[in-house]
Amino acid sequence: MEPNVRPVQLGFPRTRVDAEVGDRPDVPELVDRFGRVARDLRVSVTEKCSLRCTYCMPEEGLPPISRDRLLSANEIARLVRVGVHKLGIREVRFTGGEPLMRRDLEGIISHCAREVPGIPLAMTTNAVGLEHRVHSLVDAGLTRVNISLDTIDRDHFAKLTRRDRLSSVLAGVRAAARAGLAPLKVNAVLMPETLNGAVDLLSWCLDEGVHLRFIEQMPLDADHAWARSAMVDAQRLIEVLGERFMLTEVGRKDRSAPAEEWLVDGGPATVGVIATVTRNFCAECDRTRLTAEGTVRSCLFSDDEIDLRDAMRSGASDGDLATLWRGAMWSKSAGHGINSASFAPPLRSMGAIGG
Ligand code: SAM
Ligand code: SF4
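Residues numbered from 1 in each chain as written. Chains lettered and ligands numbered in written order. Predicted model: local features only at pLDDT ≥ 70, side-chain atom pairs only at ≥ 80, totals over all residues. Heavy atoms only, no water.

Asker: Which residues make up helix α7 (residues 198-208), and what values do they have?
Answerer: A198, V199, L201, L202, W204 and C205 are the residues of α7 that are buried. Looking one or two places after α7, you find G209, whose phi comes out positive at around 75 degrees. (Buried < 20%, exposed > 50% of the residue type's maximum accessible area, 1.4 Å probe, protein only. Helix = DSSP H or I, 4+ residues; strand = E, 2+ residues; numbered from the N terminus.)

Asker: Which residues make up the environment of C205, and what values go with them?
Answerer: Summarising the element assignment, C205 is placed in helix α7. Ignoring sequence-local partners within four residues, the contact set of C205 consists of V186, V210 and L212. (Contact = heavy atoms within 4.5 Å.)

Asker: With reference to specific residues and values, describe the sheet that holds strand β6 (residues 144-148).
Answerer: The strand order across the open sheet built from 12 strands is β9-β10-β11-β8-β7-β6-β5-β4-β3-β12-β13-β14, with neighbouring strands paired in mixed fashion. Looking at which strands have only one partner, the edges of the open sheet turn out to be β9 (247-251) and β14 (305-307). On average, adjacent strands in this sheet sit at an angle of 25 degrees to one another, irrespective of strand direction. By the bridge criterion, 3 bridges tie strand β4 (residues 91-95) to strand β5 (residues 121-125) in an arrangement that is parallel. Looking at the pairing, F94 lines up with M123 of β5. Helix-sheet contacts for helix α8 (residues 234-242) involve β7 (185-190), β8 (211-216), β9, β10 (260-264) and β11 (270-274), and the interaxial angle to β11 is about 160 degrees. (Pairing = 2+ DSSP bridges. Axes fitted to C-alpha atoms, helices over the stretch in contact; angles between N-to-C directions.)

Asker: Describe the site of ligand 2, with residues and values.
Answerer: By nearness alone, every residue bordering ligand 2 is listed as C49, L51, C53, C56, M57, G97 and N126. When grouped by side-chain class, the residues that make up the shell around ligand 2 number 5 nonpolar, 2 polar and no charged. (Near = heavy atom within 4 Å. Nonpolar A, V, L, I, M, F, W, Y, C, P; charged D, E, K, R; others polar.)

Asker: Any details on unusual backbone geometry? Residues and values, ideally.
Answerer: Note that the residue after A182, namely P183, is joined by a cis bond; omega there is -5 degrees. Omega for the peptide link from G267 to P268 comes to 5 degrees, which places this bond in the cis form. Structurally, P268 is set in the loop between β10 and β11. A positive phi angle is found at A127, which is not glycine, with a value near 70 degrees. Examined against the element boundaries, A127 turns out to sit in the loop between β5 and α3 (130-140). Its identity as a non-glycine residue notwithstanding, D265 has a phi of 50 degrees, on the positive side.

Asker: Give me the lowdown on the packing of helix α1 (residues 73-87) against helix α2 (residues 105-115), citing residues and values where you can.
Answerer: Helix packing geometry: the angle between the two helix axes and the distance between the axes. In contact at an axis separation of 9 Å, α1 and α2 are set at 30 degrees when each is read in the N-to-C sense. The chirality of how α1 crosses α2 is right-handed. Residues A73, N74, I76, A77, V80, R81 and H85 of α1 lie in contact with α2, whose contacting residues are I108, H111, C112 and E115. Of the residues that constitute the contact of α1 with α2, the class distribution is 6 nonpolar, 3 polar and 2 charged. (Left-handed = near helix turned anticlockwise from the far one by under 90°.)

Asker: Describe the environment of G337, listing the residues and the values that go with them.
Answerer: Its place among the elements puts G337 in the loop between α10 (318-330) and α11 (350-353). G337 sits 224 residues away from A113 along the chain, and the two C-alpha atoms are 36 Å apart.

Asker: Quick rundown of the pattern of salt bridges? Include the residues and the values.
Answerer: Within the structure shown, the criterion is met by 24 salt bridges. Between R42 and D40 there is a salt bridge, and its shortest N-O distance comes to 3.1 Å. Across the pair, exposure class does not vary: R42 and D40 are buried alike. With a shortest N-O distance of 3.2 Å, E47 and K48 are connected by a salt bridge. On the accessibility criterion, E47 (7% relative accessible area) is buried. Classification of K48 by relative accessible area gives partly exposed; the value is 40%. One connected set of salt bridges, linked through shared partners, spans R69, E293, R297, D303, E305 and R348. (Salt bridge = Lys/Arg side-chain N within 4 Å of Asp/Glu carboxyl O.)

Asker: Could you give an account of the site of ligand 1, naming the residues involved and the relevant values?
Answerer: Taken together, 17 residues lie near ligand 1, and Y55, G97, E98, S148 and M218 sit nearest. In the environment of ligand 1, a nitrogen atom lies 2.9 Å from a nitrogen or oxygen atom belonging to the backbone of M218. Calculation on ligand 1 without its partners gives an accessible area of 540 Å², and the protein chains cover 95% of this total. Split into classes, the residues belonging to the shell around ligand 1 amount to 6 nonpolar, 9 polar and 2 charged. (Polar contact = N/O pair within 3.5 Å; in protein donor to acceptor, adjacent residues only side chain to side chain. Areas by Shrake-Rupley, 256 points an atom, 1.4 Å probe, with all protein chains shown as cover.)

If you want it as structure tokens, here you go:
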């Protein structure tokens, strides 16, 4: 059968590389040399995880971060305050590792909610055990969740995540929807193994009323097994979904939104495709990252990190921390460069940086 889709044009990196490198302008925001402004803060709160997704973690888990190297709830809240009040951050998302592995997650969120009232506080989670904590998290001030779910086939899930926890994840998705965490998004990493189940996963998400987005797999696995030649790209996914659904391309909701949306069977539901590798959106990237140890990372793919934790513990003022953070973001690179011949994956894997 012919897929019900129009061909998408993929494969053209859209990063601007011709920006002038000069002095940093004297503005409070997190600007970089390419004219981008970071307003979306990702905060990793732990390296620990309840799953071991093959595209992310090693089988034995990441080397543990000792308690004294991990940011405390107070330290996280202080840096979030600096980000919002001094640097123009407009959205905060907690990630990891798995944020639910932190017993004091409610405390982290409520502390941040007090420091930055009105700023959306979101979380990216695998949803294992979420059903038991969703109300306390909402009471603490959590406003949104993105849930990672790659397949609804139990055996396949167990193989991909090395843990038999699908039922807990599905219960977590439903509990989050019942708790009113909207819009509820499910993210699925696109792998050769997940392609076969993509139609079932989309059908399930449509039935549950949650928004599904597929993400191209990036070379951020701890095992360094990623290969460009074996990667399933967005184009192939659209062909496969198009054999079952009528898809109509509607594009991005706004310039910095990573997902390109497709109406499913005439809408109103859509499915998103985040083509991080074949159609990168580095030119519009508005993210800045804090690792669980308190370093600023300007890009997933850059190993350069600026330490705010030790500065904070040595008595730096909020103004000093903001200056360090601005410097880290000014030197952000133009793009991830995955498609260039000289590309080398970063030292840290996705779970160690905070996705
Ligand atoms: N444990 C939480 C979770 O899985 O949602 C939060 C941390 S996880 C590192 C954040 C996101 O990164 C997840 O949606 C996950 O699927 C995605 N991710 C991990 N490794 C990836 C890779 N190699 N390529 C693309 N996305 C990846
Ligand atoms: Fe854990 Fe999330 Fe990485 Fe999977 S993607 S291993 S759930 S941190």
